[in-house]
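# Descriptive analysis of the structure
Below, each chain spelled out in residue letters.
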There are 2 protein chains.
Amino acid sequence: MAEAATRRRGRGAGGGAARRAERTAVRFEAAKFIERQIPNLEILNDEALAIIEANAEILLEETGVVFSENPAALERWKNAGADVQGERVRIPRGLARQLCATAPSSFTQHARNPERSVVIGGNNLVLAPVYGPPFVRDRQGGRRYATIEDFRNFVKLGYMSKWLHHSGGTVCEPTDIPVNKRHFDMLHAHMTLSDKPFMGSVTEPSRARDSVEMCEILFGKEFVAENTVMTSLINVNSPLTFDATMMGALEVYAESNQACIVSPFIVGGAMAPVSVAGTLTQVLAEVMTGVAYSQMVRPGAPVIAGAFVTSIDMNSGAPTFGTPEAAHITYGAGQLMRRLGLPYRSAGSFNGSKLPDAQAAYETANSLNVGLLAGVNFMLHACGWLEGGLVASPEKFVMDADQLGALHGMAKGVDVSENGQAMDAIREVGPGGHYLGCAHTQANFKSAFWRSELLDYKPFETWSDEGGRDTYTLAEARVQKLLGDYVAPALDPEIAGQLTEYIARRKAEMPDAFS
Amino acid sequence: MAEAATRRRGRGAGGGAARRAERTAVRFEAAKFIERQIPNLEILNDEALAIIEANAEILLEETGVVFSENPAALERWKNAGADVQGERVRIPRGLARQLCATAPSSFTQHARNPERSVVIGGNNLVLAPVYGPPFVRDRQGGRRYATIEDFRNFVKLGYMSKWLHHSGGTVCEPTDIPVNKRHFDMLHAHMTLSDKPFMGSVTEPSRARDSVEMCEILFGKEFVAENTVMTSLINVNSPLTFDATMMGALEVYAESNQACIVSPFIVGGAMAPVSVAGTLTQVLAEVMTGVAYSQMVRPGAPVIAGAFVTSIDMNSGAPTFGTPEAAHITYGAGQLMRRLGLPYRSAGSFNGSKLPDAQAAYETANSLNVGLLAGVNFMLHACGWLEGGLVASPEKFVMDADQLGALHGMAKGVDVSENGQAMDAIREVGPGGHYLGCAHTQANFKSAFWRSELLDYKPFETWSDEGGRDTYTLAEARVQKLLGDYVAPALDPEIAGQLTEYIARRKAEMPDAFS
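Figured I'd write up the structure that's included with this text. Since we're looking at a predicted model, the values are computed, not measured.

About the criteria used
In this numbering scheme, every chain counts its residues from 1 along its sequence in written order. Throughout, the order in which chains and ligands are written sets their labels, letters from A for the former and numbers from 1 for the latter. Side-chain atom pairs in this predicted model are given and counted only at pLDDT of 80 or more, local residue features only at pLDDT of at least 70, and totals for whole chains, interfaces and linings cover all residues. Derived side-chain values reflect all non-hydrogen atoms in the structure, with water molecules and hydrogen atoms excluded from consideration. The numbering of helices and of strands both runs from the N terminus, where a helix is a DSSP run of H or I of at least 4 residues and a strand a run of E of at least 2. Our radius of gyration is a C-alpha quantity, and the globule rule it is checked against amounts to 2.2 Å times the number of residues to the power 0.38. When a residue's accessible area, from a 1.4 Å probe over protein chains only, is under 20% of the maximum for its type it is buried; when over 50% it is exposed; and in between it is partly exposed. Note on definitions: a residue-residue contact is assigned when non-hydrogen atoms from the two residues lie within 4.5 Å. Using the Shrake-Rupley algorithm and a 1.4 Å probe, accessible areas are obtained, with residue cover drawn only from the displayed protein chains. Working definition: rings of Phe, Tyr and Trp (its six-membered ring) pair if their centres are within 6.5 Å, and the pair is stacked with planes under 30 degrees apart, edge-to-face with planes over 60 apart, and tilted otherwise. Placement of a positive charge over a ring is assigned whenever Lys NZ or Arg CZ falls within 6 Å of the ring centre and within 35 degrees of the normal to the ring plane. Each axis is a line fitted through C-alpha atoms, and for a helix only the stretch in contact is used; angles between axes span 0 to 180 degrees, taken between their N-to-C directions. Each angle receives one of four descriptions, namely roughly parallel if under 35 degrees, roughly antiparallel if over 145, roughly perpendicular if within 65 to 115, and oblique otherwise. A crossing counts as left-handed when the near helix is turned anticlockwise from the far one by less than a right angle, and as right-handed when that turn is clockwise. The classification used treats Ala, Val, Leu, Ile, Met, Phe, Trp, Tyr, Cys and Pro as nonpolar, Asp, Glu, Lys and Arg as charged, and all other residues, Gly among them, as polar. In what follows, salt bridge is the name for a side-chain nitrogen of Lys or Arg lying within 4 Å of a carboxyl oxygen of Asp or Glu. Between the first and last residue of a helix there are one fewer steps than residues, each counted as 1.5 Å, and that sum is the expected span. What the arc measures is the spread of directions leading from the helix axis to the C-beta atoms. Throughout this description, a polar contact denotes any pair of N or O atoms lying within 3.5 Å of each other; where both atoms belong to protein, one of them has to be capable of donating a hydrogen while the other can accept it, and for residues adjacent in sequence the pair is counted only when both atoms sit in side chains. Strand pairing is defined by DSSP finding a minimum of two bridges between the two strands. Alignment of the copies relies on least squares applied to C-alpha atoms, considering only residues that score at least 70 for pLDDT in both. Take the accessible area each of two parts loses on contact, using a 1.4 Å probe, and add the two losses: that sum is the buried area.

So, about the overall build of chain A. Across its full length, chain A carries 20 helices and 19 strands. For chain A, the C-alpha radius of gyration of 24 Å lies close to 24 Å, the compact-globule estimate for 515 residues. Out of the 515 residues in chain A, the part that is buried amounts to 65%. Put simply, 77% of the contacts in chain A that link residues at least 6 apart link residues at least 24 apart. Entry remark: accessible area of chain A is about 17200 Å², with carbon and sulfur atoms responsible for 50%.

Our next topic: the packing of aromatic side chains. Applying the stated criterion across every chain yields a total of 32 aromatic pairs over all chains. Here the aromatic rings of Phe67(A) and Tyr293(A) are separated by 5.2 Å at their centres, their planes lie at 55°, and the arrangement is tilted. Of this pair, Phe67(A) sits in strand β2 (residues 65-67) while Tyr293(A) sits in helix α11 (residues 276-297), placing them 226 residues apart in sequence. A relative accessible area of 0% places Phe67(A) in the buried class. An angle of 0° between the planes, with centres 4.4 Å apart, marks the rings of Phe265(A) and Phe308(A) as stacked. Linking Phe265(A) in strand β12 (residues 259-267) with Phe308(A) in strand β14 (residues 308-312), this pair joins segments that are 43 residues apart in sequence. One aromatic cluster is present, formed by Phe265(A), Phe308(A), Phe321(A), Phe350(A) and Trp385(A) through successive ring pairs. One cation-aromatic arrangement involves Arg143(A) over Phe135(A); the distance from NZ or CZ to the ring centre is 4.2 Å. Looking at Arg143(B), its charged tip hangs above the ring of Phe460(A), at a distance of 3.7 Å from the centre.

Bringing the packing of helix α3 (residues 46-62) of chain B against helix α11 (residues 276-297) of chain B into the picture now. All names here are of chain B. One can describe the packing of α3 onto α11 by two numbers: an axis separation of 8 Å at closest approach and a directional angle of 60°. As judged from the angle between their axes, α3 and α11 are oblique. Two packed elements cross with a definite hand, and for α3 against α11 that hand is right-handed. From α3, Ile-52, Glu-53, Asn-55, Ala-56, Glu-57, Leu-59 and Leu-60 reach across to α11, where they touch Ala-277, Leu-280, Thr-281, Gln-282, Leu-284, Ala-285, Met-288 and Thr-289. Looking at side-chain class alone, the contact of α3 with α11 contains nine nonpolar, four polar and two charged residues.

Another aspect to go through is the pattern of salt bridges. Residues and elements named next belong to chain A. Within this structure, the stated rule accounts for 56 salt bridges over all chains. Across the pair Arg-339 and Asp-46 runs a salt bridge, and its minimum N-O distance is 3.9 Å. Here Asp-46 lies in helix α3 (residues 46-63) and Arg-339 lies in helix α12 (residues 324-340), a separation of 293 residues in the sequence. Judged by its relative accessible area of 38%, Arg-339 falls in the partly exposed class. For Arg-506, the salt bridge identified is with Glu-509, shortest N-O distance 2.6 Å.

To continue, consider helix α20 (residues 493-508) of chain B. All names here are of chain B. Compared with an ideal rise of 1.5 Å per residue, which puts 16 residues at 22 Å, α20 spans 22 Å between its outermost C-alpha atoms and is within 8% of the ideal. Ile-495, Leu-499, Tyr-502, Ile-503 and Arg-506 are the residues of α20 that are buried. When α20 is viewed along its axis, its buried side chains cluster within an angular range of 95° and face the same direction. Of the exposed residues in α20, the ones pointing more than 90 degrees away from its buried face are Pro-493, Glu-501 and Ala-508. Residues of α20 that are buried in the fold lie against α7 (182-193) and α8 (205-219). Its side-chain oxygen at 2.9 Å from the backbone nitrogen of Glu-494, Asp-492 defines the N-terminal cap of α20.

What follows concerns the pairing of strand β9 (residues 142-145) of chain B. Residues and elements named next belong to chain B. As paired strands, strand β8 (residues 135-138) and β9 are joined by four bridges and run antiparallel to one another. Within the sheet, the bridge partner assigned to Val-136 lies in β9 and is Arg-144. Connecting β8 to the antiparallel partner β9 that follows it, the hairpin turn spans three residues.

Turning our attention to the environment of Gly169(A). Residues and elements named next belong to chain A. As for its placement among the helices and strands, Gly-169 is situated in the loop between α6 (148-160) and α7 (182-193). Taking the relative accessible area as the measure of exposure, Gly-169 reaches 5% and is therefore buried. The spacing of Gly-169 and Leu-187 is 18 residues in sequence and 7.8 Å in space, taken between C-alpha atoms.

Pairing is mixed in the open sheet, where four strands are placed in the order β9-β8-β19-β18 (chain A). Strand pairing shows two members of the sheet lacking a second neighbour, β9 (142-145) and β18 (385-386) of chain A, which therefore form its edges.

Next up on the list: the side chain of Gln282(B). Following the sequence through the fold, Gln282(B) ends up in helix α11. Since its relative accessible area comes to 0%, Gln282(B) is described here as buried. Separated by 2.6 Å, the side chains of Gln282(B) and Tyr435(A) make a polar contact. Within the structure, Gln282(B) has its side chain in polar contact with the backbone oxygen of Met271(B) (distance 2.7 Å). The residues touching Gln282(B), leaving out its near neighbours within four places in the chain, are Ile426(A), Tyr435(A), Leu59(B), Ser238(B), Pro239(B), Leu240(B), Ile266(B), Met271(B), Ala272(B) and Pro273(B).

With that settled, the discussion passes to the relation of the copies chain A and chain B. Laying chain A over chain B is done by rotating through 180° and shifting 0.0 Å along the axis; what remains is an RMSD of 0.0 Å. Interpreted geometrically, this transformation is the action of a two-fold axis. The rotation axis passes nearest to the C-alpha of Ala358(A) in chain A, at a distance of 2.1 Å. Interface residue correspondence from chain A to chain B reaches 100%, placing this contact among same-surface, isologous pairings.

Facing the 110 residues of chain A at the interface are 110 residues of chain B. Overall, the association of chain A and chain B removes approximately 9000 Å² of surface from exposure, summing both partners, and the carbon and sulfur fraction of that is 68%. Taken together, the connections running from chain A to chain B amount to six salt bridges. Arg451(B) is paired through a salt bridge with Asp313(A); the nearest N and O atoms lie 2.5 Å apart. Along the contact surface separating chain A from chain B lie 39 residue pairs in polar contact (both at pLDDT 80 or more). With 10 residues, helix α13 (residues 358-373) of chain A is the single largest residue contributor to the side of chain A that touches chain B. When its residues are assigned to classes, the side of chain A that touches chain B shows 54 nonpolar, 37 polar and 19 charged.

What follows is the structure, given as structure tokens:
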């Protein structure tokens, strides 16, 4: 691994010095992934956890799951000891959990810049941006279909966002590019416009293969064979159904030792029961099944146990976000996944608002805080989500990305060192004094308090004189500033050329498809 | 106590039936105070707690506190065994904590409508509105000095807010009324426009006495002698100073068995060290001193241990809200106060924004969530706070008050009854089905998910057709609706008359004072 990394860094060493100099000149600060120093909130007691785990086993054994249009998967399950009838797979109690045991509790996803590699699992929290919206809304242009230009801008914003550890995947759908060719342009953007880790395509097994091949160009074939360089999103078709497309992509990634998030996608009351305990039971059954399947494909393949959960407004049928029931499920699923020994994905900048207004912020803050305290290890959608995930918003992106800094601060916990205790300061200042000028304050003030780089801290008069700007307006300016300051991270021109050639060749091999 | 309550309800029974009928006709839903079914988040381990507790004792013994211009207090401390030099009181290790032991861990604050009485302590959380802003901002009128009309509107909004349990105190400063007479009008508003519990005046010991006398009219003299009917806010002049005005008010209330919140008021880096552990040490020392003093005045007097804490923006000196350091202090202080066996006051709808925008909502949501999980028992400022507490906003009031519903939902915890487990539903629906029509959903959907009464859940097209309103706009409409629907709770005309007479007489006894 060390050898591969060296080889990788050494490639195209001719222009290396110049490129290093360039990179130093325009270096953007990037925080390390969060390593929590605070406990998780555990809202389920042992009895409740035992009930849900037992119920999940009963479900798998008695009701079972469906692996649709996937004879190879059915064969694998049969060989593992499941009862397979048609496409229905009934899994004897304990089998799925037992198969999950070979999945690592933690793994490293490598970035092309080794400083940006992330460790997913344990007490860590890795933050990745919004995934999937077909629409974009920005203040200037309003709401419209997303394009590859929007996509590239989101990747740039992600690269420039200090508190974001991951470049994500489909930060928005580039609807101006044929469906069957989008993945090339999306991956190319992540690979060339950022040096943070990223996700691969899952919309077809062949596109997963393309993703692996592009990574082989970027990282080197040997490096990819030995290391995880992609984490990709495999949604379960809840309830209890695993379709051939998603499972096909999972098979490709697991075979290549690339990471997958096995993630039930649940709007409570539609794809799962209206109760929290019932939803947790189904989520656990689905996750165990998907993870077990990944381990049948390749024991030890890295995998993340996911739970995308929202509640529903029973008046309108609309999904709702930042609600207490979604929080309960997120907390509870965290406990269940830790007991399974798997890294956990959930939460995000979820909200149902049409605009980056107070509703968007309340709901988002509710969900981000839950994510931190629920022990989430990989938070997709950590910034930029709007309108129930239909819309990606650059202003919301930078607003949320700023709040992610607060999560970093929260996770640090409390320093009770002698300096943290500050007894000398209290003695020095004494009753009726103030701390602004004391030695302890002078020595510590720069790092003492987290500070937003976006929100308004000005006195009323100054704020008013400057136009009385709201957060949306401040965010619009920040988006422009970040995109204006953006400089791409250096990339070996040889690799860049190979990527371009690969994409041109592959695109030429297929006709355009728009659905 | 039961007798007193009966007597109270029986008073003026002549018009009772008519008034009851009227009250029934315009009954507004009011939730019971929160009884948490979820654990608190404990971010400090036992070692950290022991360090902070030991340091607080060292501080009290070695540095001590100041009770300014209050010879009676100094005498009390001397008699209790403290070392008193001038106004400086040094408290031997263990003494303050020992004195705190007579304070009740929980108490009932009675409302004139017994259904609205609250129990403060234990696992409970009682929510009260914003306190103290000299300014009001509403969408129509902009930012301006608050008046008694604003005050009355906030009391009405509080009465109409389902998730608010308490009418609060100085919901804004009625600056159009002389400083020395405001408390009469403020108390009159709480007593007549709402039937929820409220707070008394603390700006002069004489005003505290007036508050008690007005309560004696409202509740009956005997009832007040035997029961707690006010919870009032006593701020400590941090660091480590207890001024005569605040302590004088505390003395009046404690002697009357009325509750006080002993609350350090801290902007970190100014009134306390820039470190969390240092601030917690000072807060604990201050709270123990103030609570101990209340118990010297009257052992067993009800008291709440408070912690108002914010961080500071070291660039501008402005206080900042919803930050991780404020969260750490709120969590840590909760642990320390529980170990002291006292009800705990902290958190609120804190934010530094000038407008009820995304900043206001992010910061508020951060603080509200922390308050719930930190084990806060009494949350002042739970709605309506804007611009660092300089401004009370009716739109923000209804926005926050709506979010308090989400806290109620969160606190409920997870139902793992047979109905909650929903195994029949999962079996009924099976792989690939949906839950919208199943029996379990039909039986449970009405109460399954918390639903905002303010935020937008509509499809984009409907929302757009209706004018594309943001949260601020929706909130403005809700304020108008609530104020339009408002009907005062019935009050015995005899009592109402006595209150009016009392206020007229007392006001006539004193010249106007505007500072």
